[in-house]
Amino acid sequence: MSNLGTNSAAAVERAAPVSVAVPEPRAEAEGALFAGRRTWLPTFFFVTGGHKCGTSWLSWMIDSHPQVVCRSAGRFLGVQGSSEKWLNRKKMHEWGSFHTVAESWLAGVGDDEIELAMRRAMIEAVMMLRTPVGVRAVGDKTPMFYLREAPKLKKLFPEATLTAIIRDGRDACVSHAFHMLRREEPGAWEDDAAFAAARAHHVDGTGPAAPLFNDAVVRHTAENWRTTARGSLTARDTFGSNYIGLRYEDLLVDPAPHLTRVFEAIGVDASEKTVAKCVEANSFEAKSGGRKPGEADPDSFVRKGGAGDWKNHFGDAERAAFKDVAGDELVALGYEQDGNW
């Protein structure tokens, strides 16, 4: 599989221009789907993180770069129907058993290697479908699953950069609750009346005071956050120097240096001017329709844009539930010094 990474990198070096204007949409003429792809292949990269930890904001900034396409969310690994299920291994083996194939194309190659190469090729093909010719880097942002499946992703794309963003799990819990209330998806609430009361008060602003979440919601969200927090450590060790770990709280202070790291890693223009444009185009004010960070709109995907909101919604019961599920990970990642919070 190392040849796949080498070939991809070499193609970028041979064919990618030093600077690329904002690409025009690809033509729909006959044969346009694969036009130019024999001599051009971009760098592939992936973006992930915990649910409601800022992955969308990060991917928006990356996608604003004129040499980059970063789409959401391919879910190429770890979910029902993902790329692990795209290949009929039995039929592949039958094809590979023909002596002409086995003695030429597949000499010294095992079934596992063939399957890996084919799965990567299928993922690449999907990522390239709507990628204009000339783009230097193309990536997919899928929260959670690339952290859970980091070793599989590394086997498929050994040369790729994996950028992961993490956030204080308690703030992620609050953001998740507002997200589900806004979308009217009870999810883990398991209590329709409690869900309706929470939405009426916290989103519609029409009902009496009600808890933002119940014990089941806190525990469900904490479990997801714990999984991704642990996954970020595994992904860091798996991808090594190709892993970029970011914190949502650091991006809030100044996203520019962190975005610069990502652009440098995927081999595109990382000049101060380009980075500033990507940051400005995706600021909280720009994405929220003019609100300042901290000015909340509970009925918006871009809700508040701050850190520490958990303190406004966690009582003793919520603290105890989160500590029970993910307290150790909160300390391990440096969000608390110990369990006394």
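For the structure, see preceding data.
Residues numbered from 1 in each chain as written. Predicted model: local features only at pLDDT ≥ 70, side-chain atom pairs only at ≥ 80, totals over all residues. Heavy atoms only, no water.

Q: Let's hear about helix H9 (residues 192-204): which residues, and what values?
A: Among all positions of H9, only Phe-195, Ala-198, Arg-199, Ala-200, His-202 and Val-203 are buried. Buried residues in H9 make contact with helix H8 (169-183). One side-chain oxygen at the N-terminal end of H9 lies 3.1 Å from the backbone nitrogen of Ala-193; it belongs to Asp-191. A positive backbone phi angle near 70° is found at Gly-205, which sits one or two residues after H9. (Buried < 20%, exposed > 50% of the residue type's maximum accessible area, 1.4 Å probe, protein only. Helix = DSSP H or I, 4+ residues; strand = E, 2+ residues; numbered from the N terminus. Contact = heavy atoms within 4.5 Å. Polar contact = N/O pair within 3.5 Å; in protein donor to acceptor, adjacent residues only side chain to side chain.)

Q: Which residues make up the nonpolar core, and what values do they have?
A: Core analysis: the largest hydrophobic core is formed by 31 residues, its most contacted members being Trp-189, Phe-213, Trp-225 and Phe-322. For this core, the secondary structure elements donating two or more residues are H8, H9, helix H10 (215-239) and helix H15 (316-332). Tallying contributions element by element places H8 first for this core, with seven residues. Excluding residues within four positions of it along the chain, Phe-322 makes contact with Gly-169, Arg-170, Val-218, Ala-222, Trp-225, Phe-314, Gly-327, Leu-330 and Trp-341. Counting residues in hydrophobic clusters, the runner-up holds 23 residues, among them Phe-44, Leu-116, Phe-157 and Ala-164. (Core = buried A, V, L, I, M, F, W, Y, C linked by side-chain atoms within 4.5 Å.)

Q: Give a detailed account of the pattern of salt bridges, specifying residues and quantitative values.
A: One pass over the full model with this rule turns up 17 salt bridges. Ionic pairing is found between Arg-120 and Glu-159, a salt bridge with its closest N-O pair at 2.9 Å. Residue Arg-120 is found in helix H5 (residues 111-128), and its partner Glu-159 is found in the loop between helix H7 (150-156) and strand S4 (161-166); the two are separated by 39 residues along the sequence. Here Arg-120 falls in the buried class, since its relative accessible area comes to 1%. You can call Glu-159 partly exposed: its relative accessible area is 24%. (Salt bridge = Lys/Arg side-chain N within 4 Å of Asp/Glu carboxyl O.)

Q: Residues and numbers for the sheet that holds strand S2 (residues 68-72), please.
A: Reading across the sheet, the five strands line up as S2-S3-S1-S4-S5 and stay open at both edges, with parallel pairing between neighbours. For this open sheet the edge positions go to S2 and strand S5 (243-247), each flanked by a neighbour on one side alone. Each neighbouring strand pair of the sheet contributes to a mean axis angle of 20°, computed without reference to strand direction. As judged from the five bridges shared by S2 and strand S3 (residues 137-141), these two strands associate in the parallel manner. Residue Cys-70 lies in a different strand from S3, and its bridge partner there is Gly-139. On top of the sheet, helix H2 (residues 55-63) reaches strand S1 (43-49), S2, S3, S4 and S5; it is set at about 155° to S2, its chief contact. Of the strands in this sheet, S1 and S3 are in contact with H5, which crosses S1 at around 90°. (Pairing = 2+ DSSP bridges. Axes fitted to C-alpha atoms, helices over the stretch in contact; angles between N-to-C directions.)

Q: Please give an account of unusual backbone geometry that cites residues and values.
A: Residues Ser-72 and Ala-73 are joined by a peptide bond in cis, for which omega reads -15°. Inspection of the secondary structure puts Ala-73 in the loop between S2 and helix H3 (89-96). One non-glycine residue, Lys-52, adopts positive backbone phi at about 60°. The exposure class assigned to Lys-52 is buried, which follows from its relative accessible area of 14%. The phi angle at Arg-75 is positive, at roughly 50°, despite the residue not being glycine. Looking at the secondary structure, you find Arg-75 in the loop between S2 and H3.

Honestly, that's just the spatial picture; any functional story needs more than this.
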